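Observations on the model geometry
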Amino acid sequence: MDQQHIQQLTKTLLEEKAKIEAELSRIAVKNPNIKGDWTSVPQDMADPADSLDEKAQTVTNLEERRAIEQSLELRLKEIAAALQQLDAGTYGICTDCSKPIHEKRLAAVTTANLCMDCASKVTFS
């Protein structure tokens, strides 16, 4: 991978990181005790006079925010790992088998750290 491609990829990843952090700041606050962790905040505080339906809706909204927050946090971690690999010169190398990751895969999934063979072996429980 040439230096120009690495610089462009780094720029793209940093731009995505900034967008994700901006989105996170709308629904969560940074946890000062854990680096990279965010904590969802309710959009509106529940009023004690709210009906049960309104209170349930507040809880539902907070749970939706938590799900979005967790998804965005995971993406930030993937971006951080890809940036670290770019800095270390190991970007595009499978972390499992150490074989090169195909360029088409990297174009589609810029944060891929597994080749297709190794990725197909991963099971989620």
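Refer to the structure presented above.
The sections below set out a description of the structure shown in this document. Not measured: the values here are computed from a predicted model.

Conventions and cut-offs
- Residues numbered from 1 in each chain as written.
- Predicted model: local features only at pLDDT ≥ 70, side-chain atom pairs only at ≥ 80, totals over all residues.
- Heavy atoms only, no water.
- Helix = DSSP H or I, 4+ residues; strand = E, 2+ residues; numbered from the N terminus.
- Rg over C-alpha atoms; globule rule 2.2 N^0.38 Å.
- Buried < 20%, exposed > 50% of the residue type's maximum accessible area, 1.4 Å probe, protein only.
- Contact = heavy atoms within 4.5 Å.
- Areas by Shrake-Rupley, 256 points an atom, 1.4 Å probe, with all protein chains shown as cover.
- Lys, Arg positive; Asp, Glu negative; His and termini not counted.
- Charge placed at Lys NZ, Arg CZ, Asp CG, Glu CD.
- Disulfide = S-S within 2.5 Å.
- Salt bridge = Lys/Arg side-chain N within 4 Å of Asp/Glu carboxyl O.
- Polar contact = N/O pair within 3.5 Å; in protein donor to acceptor, adjacent residues only side chain to side chain.

Take the overall build of the protein next. If you tally the helices and strands in the protein, you get 4 helices and 2 strands. Listing the helices and strands of the protein from first to last along the sequence gives α-β-β-α-α-α. Compactness check: the protein gives a C-alpha radius of gyration of 19 Å against a globular reference of 14 Å for 125 residues, more than 25% above the reference. When its C-alpha atoms are laid out on the principal axes, the protein stretches across 60 × 30 × 25 Å. Residue burial in the protein is summarised as follows: out of 125 residues, 26% are buried. Within the protein, contacts between residues at least 6 apart in sequence are counted, and of these 45% link residues at least 24 apart. Split by element, the accessible area of the protein, about 9,100 Å² in all, is 53% carbon and sulfur. Charged side chains in the protein number 15 positive and 20 negative. The centres of these two groups are separated by 7 Å.

Tallied over the entire structure, the rule returns 0 disulfides. With no disulfide of its own, Cys94 lies 3.6 Å from the sulfur of Cys118, the closest cysteine sulfur. Under the relative-accessibility criterion, Cys94 is labelled buried at 2%. Cysteine Cys97 is unpaired, with the sulfur of Cys94 as its nearest cysteine sulfur at 3.7 Å.

Looking at the element boundaries, Glu73 is found in helix α2 (residues 52-88). The side chain of Glu73 is buried and forms no salt bridge, while Lys77, the nearest opposite charge, is found at 5.0 Å. Reaching out from Glu73, the side chain makes a polar contact with the backbone nitrogen of Trp38 at a distance of 2.7 Å.

Our next topic: the environment of Lys104. Checked against the element boundaries, Lys104 lands in helix α3 (residues 103-108). Judged by its relative accessible area of 68%, Lys104 is exposed. For the pair Lys104 and Ile93, spaced 11 residues apart in the sequence, the C-alpha separation amounts to 13 Å.

The tally for this structure, following the rule as stated, stands at 5 salt bridges. Glu16 is the partner of Arg75 in a salt bridge, and the nearest nitrogen-oxygen pair spans 2.7 Å. Of this pair, Arg75 sits in helix α2 while Glu16 sits in helix α1 (residues 3-27), and the two are 59 residues apart along the sequence. Here Arg66 ties to Glu63 by a salt bridge, and the two come within 2.7 Å at their closest N and O atoms. Placement of both Arg66 and Glu63 in helix α2 is noted, with a separation of 3 residues, approximately one turn of the helix. In this structure Arg66 comes out as partly exposed when scored by relative accessible area, which is 36%. Within the structure, one salt-bridge network assembled from shared partners comprises Glu16, Arg75 and Glu78.

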